[in-house]
Amino acid sequence: MEQLPTELIELILASGRLTIQDVLNFSTTCSNYRNVVCNSNFVWKHKFMQKWPQFLPLFSKEFSEWFKETIFIYELSKRTHAMLSTMSERFYKKSELSNCDMGEWALLMDEMPRIYHYVAFDLMTIIHCDEPIRSFQVVPVE
């Protein structure tokens, strides 16, 4: 089978109908497609705009690391969830948290200016999640 032009592949992948996961799954089909996906600023800028349009004002017009930024947001979300999971056991009996208790979060926020916006979005997504909270998994039973 002859190859489609890269520009056409990029247009298809940038479509609003495909999710980031769809694009990543497509990249696993062959090394050529992996190269197209990993090196296409066009695709990743569109995927970023589709998923997080509220973050676009945080970037200059010259910004070109959309794939790396997308991966960074997903990795940051994993870190945020891991930090939250340790908070319940450490702070379950505290009614107030001190600055010292929040030191881990302060260090995270200092890594780069955009992190605050990403973490705030992630936390709001958790708060507004439609899935029921399984409190017996979150709060240890004594």
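In case you missed it, the structure is sitting above this.
This section reports on the structure supplied with the text. (Residues numbered from 1 in each chain as written. Predicted model: local features only at pLDDT ≥ 70, side-chain atom pairs only at ≥ 80, totals over all residues. Heavy atoms only, no water.)

1. Here's the deal with the overall build of the chain
Within the chain one finds eight helices and zero strands. What you see in the chain, going N to C, is helices and strands ordered as α-α-α-α-α-α-α-α. Within the chain, the fraction of its 142 residues that count as buried is 27%. A sequence separation of at least 24 residues applies to 59% of the contacts in the chain between residues at least 6 apart. Of the roughly 10,100 Å² of accessible surface on the chain, 59% is carried by carbon and sulfur atoms. (Helix = DSSP H or I, 4+ residues; strand = E, 2+ residues; numbered from the N terminus. Buried < 20%, exposed > 50% of the residue type's maximum accessible area, 1.4 Å probe, protein only. Contact = heavy atoms within 4.5 Å. Areas by Shrake-Rupley, 256 points an atom, 1.4 Å probe, with all protein chains shown as cover.)

2. Brief notes about the environment of Phe-59
With respect to the secondary-structure elements, Phe-59 resides in the loop between helix 4 (41–51) and helix 5 (66–91). Taking C-alpha positions, Phe-59 is 9.2 Å from Arg-114, a pair spaced 55 residues apart along the chain. Setting aside its immediate chain neighbours within four residues, Phe-59 contacts Phe-48, Trp-66, Glu-69, Arg-114 and Tyr-118.

3. Let's talk about the packing of helix 1 (residues 6–13) against helix 3 (residues 31–39)
Remark: helix 1 packs on helix 3, axes separated minimally by 11 Å, with the N-to-C direction vectors making an angle of 65 degrees. When the axis of helix 1 is compared with that of helix 3, the two are roughly perpendicular. Where helix 1 crosses over helix 3, the handedness of that crossing is right-handed. Mapping the contact onto sequence places Thr-6, Ile-9, Glu-10 and Leu-13 in helix 1 and Tyr-33, Val-36 and Val-37 in helix 3. Tallied by class, residues from the contact of helix 1 with helix 3 come to five nonpolar, one polar and one charged. (Axes fitted to C-alpha atoms, helices over the stretch in contact; angles between N-to-C directions. Parallel < 35°, antiparallel > 145°, perpendicular 65-115°, else oblique. Left-handed = near helix turned anticlockwise from the far one by under 90°. Nonpolar A, V, L, I, M, F, W, Y, C, P; charged D, E, K, R; others polar.)

4. So, the pattern of salt bridges
Here the structure, examined in full by the defined rule, presents four salt bridges. The closest approach of N and O atoms between Arg-114 and Glu-69, which form a salt bridge, is 2.9 Å. Of the two residues, Arg-114 is situated in the loop between helix 6 (103–109) and helix 7 (115–127) and Glu-69 in helix 5; the sequence distance between them amounts to 45 residues. Owing to a relative accessible area of 18%, Arg-114 belongs among the buried residues under this scheme. (Salt bridge = Lys/Arg side-chain N within 4 Å of Asp/Glu carboxyl O.)

5. Quick look at the side chain of Glu-10
Looking at where Glu-10 falls in the secondary structure, it is placed in helix 1. Put simply, Glu-10 is tucked away with no salt bridge, and the nearest opposite charge, on Lys-47, sits 13 Å away. Ignoring anything within four residues of it in the chain, the contact list for Glu-10 reads Val-36, Ser-40, Phe-42 and Val-43. (Lys, Arg positive; Asp, Glu negative; His and termini not counted.)

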